[in-house]
Amino acid sequence: MSNKMWGGRFGEGPDRIMEEINASIDYDQRFYAQDIAGSQAHARMLAAQGIISSADAEQIVAGLDGIKADMDVGQFTFSRELEDIHMNVEARLADIIGAAAGRLHTARSRNDQVALDFKLYIRDTIDHLSEQLTAFQLVLIEKAEANADTIMPGYTHLQTAQPVTFGHHCMAYVEMFGRDRGRLADARNRLNESPLGAAALAGTSFPIDRHMTAKALGFDGPTRNSLDSVSDRDFVLETLSAAAITATHLSRLAEEIVIWSNPGFNFIRLTDGFTSGSSIMPQKRNPDAAELVRAKSGRVIGGLTTLLIVMKGLPLAYSKDMQEDKEAAFDALDALSLSLAAMTGMIATLTVNKAEMRAAASRGFATATDLADWLVRALGLPFRKAHHVTGTLVGIAEKKGVDLDALTLAEMQAVEAGITDEVYSVLGVDNSVKSRVSFGGTAPDNVRAACLWWRKELGR
């Protein structure tokens, strides 16, 4: 029997395996709203240019409205024999309005059609992710405002370094996710050109108005080269790159949540809604949501890697390889969206154990740098000598099993004679944190100022 789609050129239907490998409707059906919007804009343009009649265009637009209504409520039956979303919509349109449906594909190809659908979908997804990131930043800001004075140990190499505030730590992630939003916004700006009308690869001889369809679909204008229009998947790669960086940031925070919720740290407590128990150990409260966010970063990074590999050896213009651009992108962006939702919930509901954080900050010689800085300021020592003196005092305190502020003045003066009892004013964690007033520092007033700046930046 002849092929239902290709008719005159192909006398036989596809092999069963060919149908299995070739069909994309199982996943590209999620393009349906974008596909229909593009087709309606195209039909209206064809009528405006006198390429099809106004009556045909009206039938096409109305028929597509009905198809979308069915799809919106799950009452559309998709056919794998028709391969993809484009042919499923077109076949159903023919059932509804008859021969006029065949005029819709005038002056376009599935090559520019799928590029358009994918751009519209990625644009919508970027808008959704940007809203999620904004909501997450606001949750972090709220947690920072509530903990601008909450002292915790700051770490390098996961070893106690200097005291900071939990508010300052939260605001570090606000900065990270602000950059993530910026990368997504950049990707959106660059993708906002319409490929519709590029046709298969060379444009079309019909007198189409690509500026009209671009404007109707919310693009800044049409793409400028027909070959590039159907070949380009940079907009997906760039979005996945931004997504991979965002997922990496989420994974870092997830790791800290896992660490902080461990009883050995006991800095935070997650709610029951974001933890699970053990099938054998009744005492366990496992931070499963955080662990899964940490793991899902691999799926996002993997989606980017997959598409880079698909695209790396393709000549211009379109190759069927590019059908493999969607599943990995869908999976990666879905995983990122779910991770953002989970992390927003965890941060919003977690409880901060301020006493444990403060006690940990008071251990591990976290004010050693403050002592070295005081030796420079008060005694005029070169920093390298002050560093050596401080290291010697840390060694003495460590042998005694005490912190620096428990050393006697005589013990300190035995190492550096010029030390006075004023030194004790810089050895407490409160004084240490309050002294970090340089722009971007951890001082509580700095944290509050940063929160205010970001609220203004986000319009909240």
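First things first, this report covers the structure right here in the doc. Computed from a prediction, not measured in an experiment: that's the story for all the values here. (Residues numbered from 1 in each chain as written. Predicted model: local features only at pLDDT ≥ 70, side-chain atom pairs only at ≥ 80, totals over all residues. Heavy atoms only, no water.)

## As for the nonpolar core
Ranked by internal contacts, the top residues of the largest apolar core, which has 99 residues, are Ile 122, Phe 136, Ile 257, Met 343 and Ile 347. Beyond its immediate sequence surroundings of up to four residues, Ile 122 is in contact with Leu 191, Phe 235, Val 236, Thr 239 and Leu 333. Counting 19 residues, the second largest nonpolar core, distinct from the first, contains Ala 372, Leu 381, Leu 407 and Ile 419. (Core = buried A, V, L, I, M, F, W, Y, C linked by side-chain atoms within 4.5 Å. Buried < 20%, exposed > 50% of the residue type's maximum accessible area, 1.4 Å probe, protein only. Contact = heavy atoms within 4.5 Å.)

## Overview of a nonpolar patch on the surface
A cluster of nonpolar residues, Leu 201, Leu 227 and Leu 316, forms a patch on the protein surface that exposes about 270 Å² of accessible area. Position of Leu 201 relative to the elements: it lies in the loop between β3 (193-194) and α8 (210-216). Note on Leu 201: relative accessible area 39%, which makes it partly exposed. (Patch = residues over 30% accessible without salt bridge, like charges linked within 9 Å, V, L, I, M, F, W, Y side chains within 5 Å. Areas by Shrake-Rupley, 256 points an atom, 1.4 Å probe, with all protein chains shown as cover. Salt bridge = Lys/Arg side-chain N within 4 Å of Asp/Glu carboxyl O. Helix = DSSP H or I, 4+ residues; strand = E, 2+ residues; numbered from the N terminus.)

## Describing the pairing of strand β1 (residues 151-156)
Here 6 bridges tie β1 to strand β2 (residues 159-165), and the two strands are oriented antiparallel to one another. Paired with Gly 154 across the bridge in β2 is Gln 162. With antiparallel pairing between neighbouring strands as the criterion, β1 and β2 make up a hairpin whose turn holds 2 residues, including His 157 at a positive phi of roughly 60°. (Pairing = 2+ DSSP bridges.)

## Structural notes on the side chain of Ser 194
Within the secondary structure, Ser 194 sits in strand β3. If near-sequence neighbours (up to four positions away) are discounted, Ser 194 is found in contact with Leu 116, Arg 210, Ala 214, Phe 219, Gly 221, Pro 222 and Thr 223.

## So, the pattern of salt bridges
Summed over all chains, the structure comprises 23 salt bridges. Here Arg 294 ties to Glu 255 by a salt bridge, and the two come within 2.4 Å at their closest N and O atoms. Of this pair, Arg 294 sits in helix α11 (residues 288-311) while Glu 255 sits in helix α10 (residues 234-261), and the two are 39 residues apart along the sequence. Arg 294 gets classed as partly exposed once you look at its relative accessible area, which sits at 30%. We classify Glu 255 as partly exposed; its relative accessible area is 31%. Asp 331 is paired through a salt bridge with Arg 299; the nearest N and O atoms lie 2.4 Å apart. Here the residue Asp 331 occupies a position in helix α12 (residues 327-349), and Arg 299 occupies one in helix α11, the gap between them amounting to 32 residues. Connected through salt bridges with shared partners, the residues Glu 83, Asp 84, Arg 110 and Lys 320 form a single ionic network.

## A short note on the state of the cysteines
Put plainly, two cysteines are in a disulfide when a covalent bond ties their sulfur atoms together. A complete count under the given rule lists 0 disulfides for this structure. The closest cysteine sulfur to the non-disulfide-bonded Cys 170 is located on Cys 451, 8.6 Å from its own sulfur. (Disulfide = S-S within 2.5 Å.)

## Brief notes about the packing of aromatic side chains
All chains considered together, the criterion is met by 13 aromatic pairs. The ring of Phe 219 has Arg 123 lying over it, and the distance from NZ or CZ to the ring centre is 4.7 Å. (Phe/Tyr/Trp six-rings, centres within 6.5 Å; stacked < 30°, edge-to-face > 60°. Lys NZ or Arg CZ within 6 Å of the ring centre and 35° of its normal.)

## Section: α11
Every α-helix carries 3.6 residues per turn, so stepping three or four residues along brings you back to the same face. Its 24 residues place the ends of α11 35 Å apart at the C-alpha level, agreeing with the 34 Å of an ideal helix rising 1.5 Å per residue. Every buried residue of α11 is accounted for by Ala 289, Ala 290, Val 293, Lys 296, Ser 297, Val 300, Gly 303, Leu 304, Leu 307, Val 310 and Met 311. Where the residues of α11 are buried, they touch α9 (226-231), α10 and α12. (Expected span 1.5 Å × (residues − 1).)

## A few points about the side chain of Ser 231
Tracing the chain through its elements places Ser 231 in helix α9. Only 3.3 Å separates the side chain of Ser 231 from the backbone oxygen of Ala 317, close enough to count as a polar contact. Setting aside its immediate chain neighbours within four residues, Ser 231 contacts Met 311, Leu 316, Ala 317, Tyr 318 and Met 322. (Polar contact = N/O pair within 3.5 Å; in protein donor to acceptor, adjacent residues only side chain to side chain.)

## Re the environment of Thr 306
Here Thr 306 lies in helix α11. According to the relative accessible area criterion, Thr 306 is partly exposed, its value standing at 35%. Along the chain, Thr 306 and Pro 207 lie 99 residues apart, while their C-alpha atoms are 38 Å from each other.

## What to know about unusual backbone geometry
The omega torsion of the bond from Leu 316 to Ala 317 falls at 10°, within 30 degrees of zero and hence cis. Position of Ala 317 among the secondary structure elements: in the loop between α11 and α12. Within the chain, Glu 83 stands out as a residue other than glycine whose phi angle is a positive 70°. With respect to the helices and strands, the residue Glu 83 is situated in the loop between α4 (54-72) and α5 (85-97). Note on Glu 83: relative accessible area 9%, which makes it buried. In this model, Ala 199 sits at a positive phi of 60°, which is unusual for a non-glycine residue. Among the structural elements, Ala 199 can be located in the loop between β3 and α8.

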